[in-house]
Amino acid sequence: MDAPAALAVDIGATKLAVGLVGSDGRVQHQERAASPRRVSESLALLDTLAKRALDVAEAQGRPVSGVGIACGGPLDLARGLVLAPPNLPDWTCVPIRDRMADLSGAPAYLQNDAGAGAIASYLWDNPDHAADVTYVTVSSGVGCGVILDRALMTGHSGNGSELGHIPLIYGGRPCKCGQAGCVEAYVSGTSIGERYAEAHGGPAVTAHDIADRAAQGDNSARAHWIESMQMLNRVIRAAVDLFDPALVCLGGGVTDADAALLAPALDFGGTGGMSDAVGRGLSVRRTGFGRDSGVVSAAAVAWNEIGAADGRRVALRQEV
Ligand SMILES: [Zn+2]
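Because the structure is a prediction, the values reported are computed rather than measured. (Residues numbered from 1 in each chain as written. Predicted model: local features only at pLDDT ≥ 70, side-chain atom pairs only at ≥ 80, totals over all residues. Heavy atoms only, no water.)

Caption draft 1: Structural detail: the coordination of the zinc ion. Within the protein, the zinc ion binds to His165 (ND1), Cys175 (SG), Cys177 (SG) and Cys182 (SG); these donor distances fall in the range 2.0 to 2.3 Å. One can describe the site at the zinc ion as tetrahedral: its four donor atoms subtend angles covering 105 to 122° at the metal. Donor residues binding the zinc ion come from one chain and are separated in sequence as H-x9-C-x1-C-x4-C. Residue cysteine 182 is classed as buried on the basis of its relative accessible area of 0%. (Donors = N, O, S within 2.8 Å, 3.2 Å for Na, K, Ca; no water. Tetrahedral: all angles 85-135°; square planar, octahedral: opposite > 155°, others 65-115°. Buried < 20%, exposed > 50% of the residue type's maximum accessible area, 1.4 Å probe, protein only.)

Written out as structure tokens, the structure reads:
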């Protein structure tokens, strides 16, 4: 019999990803699909992708030890519910954990997508065994997962560390959460594109379009991109000031950009501010999981419960 797998379910605003991942974080199988608009269609598609992954596991003789599910918050972790994420407008009180447990016959675990990214980074992208790891994801939204002294910071309701919804600009752009001026309304992939169209007119563009134009020498796209990455840098510095991590990993679709284009976001050279002082010995880098980060993060939620390859583990709040 082959090594066991975790079934990984990553629920994003623009894509769904389902895969099989080993206890060492290696992806054995993966399928991605665009997220349908309706939750009923999304759940039907997730069922199809999950059944197909289970068939692959069976054909490979790989037992499925558990299911890890990652989704943007807010979530009810105790009851395994997706409550009402601003980036998944049709999802309201969806019992995704029990649905996937019933479908697979294996225990299922739900975690905020950025918290899942932090767990995956701690387990499998952490060669120096840092005990304090912050993960920042920048895609349709902006999320943050925080591990302090080997324990995931979840807060009283399980929805702490929502870096994306801290007001960056007082009275600024409207955010999907209902507030104005949130970090997410400026530096998410969606907002980077929207702000460019607002400033320059013309059709809607994506953050990827702007990165491509910047790489090709378009000066206005380049200036907008660099300003966006500098804003993101200030946001990461805010997280460093708050949580004093040893390792910050940056993930999400926006961070797929060319390394030179991402550099202003990762620049922690001395430009003043508290983060210079607390940031000594700090490592800030792009996640090593690349485009697999969704399924690897979801799988980490399961392996953290079942037991990952080398025995490392992040404590969860109810155990702390
Ligand atoms: Zn917001």
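Caption draft 2: Expanded view of the environment of methionine 100. Its place among the elements puts methionine 100 in helix 2 (residues 96-104). Distance in space between the C-alpha atoms of methionine 100 and aspartate 47 is 7.9 Å, their sequence separation being 53 residues. With residues near it in sequence (within four places) discarded, methionine 100 still touches Val9, Leu46, Asp47, Ala50, Val67, Ile69 and Ala108. (Helix = DSSP H or I, 4+ residues; strand = E, 2+ residues; numbered from the N terminus. Contact = heavy atoms within 4.5 Å.)

Caption draft 3: Expanded view of the packing of helix 6 (residues 207-215) against helix 7 (residues 219-243). Relative to each other, helix 6 and helix 7 sit at 120°, their axes nearing to 8 Å. Relative to helix 7, helix 6 is oriented oblique. In this structure, helix 6 meets helix 7 at a crossing whose hand is left-handed. Taken together, the residues of helix 7 that come into contact with helix 6 (itself represented by Ala207, Ile210, Ala211, Arg213 and Ala214) are Ala221, Arg222, His224 and Trp225. When grouped by side-chain class, the residues that make up the contact of helix 6 with helix 7 number six nonpolar, one polar and two charged. (Axes fitted to C-alpha atoms, helices over the stretch in contact; angles between N-to-C directions. Parallel < 35°, antiparallel > 145°, perpendicular 65-115°, else oblique. Left-handed = near helix turned anticlockwise from the far one by under 90°. Nonpolar A, V, L, I, M, F, W, Y, C, P; charged D, E, K, R; others polar.)

The analysis is restricted to geometry; functional conclusions fall outside its scope.
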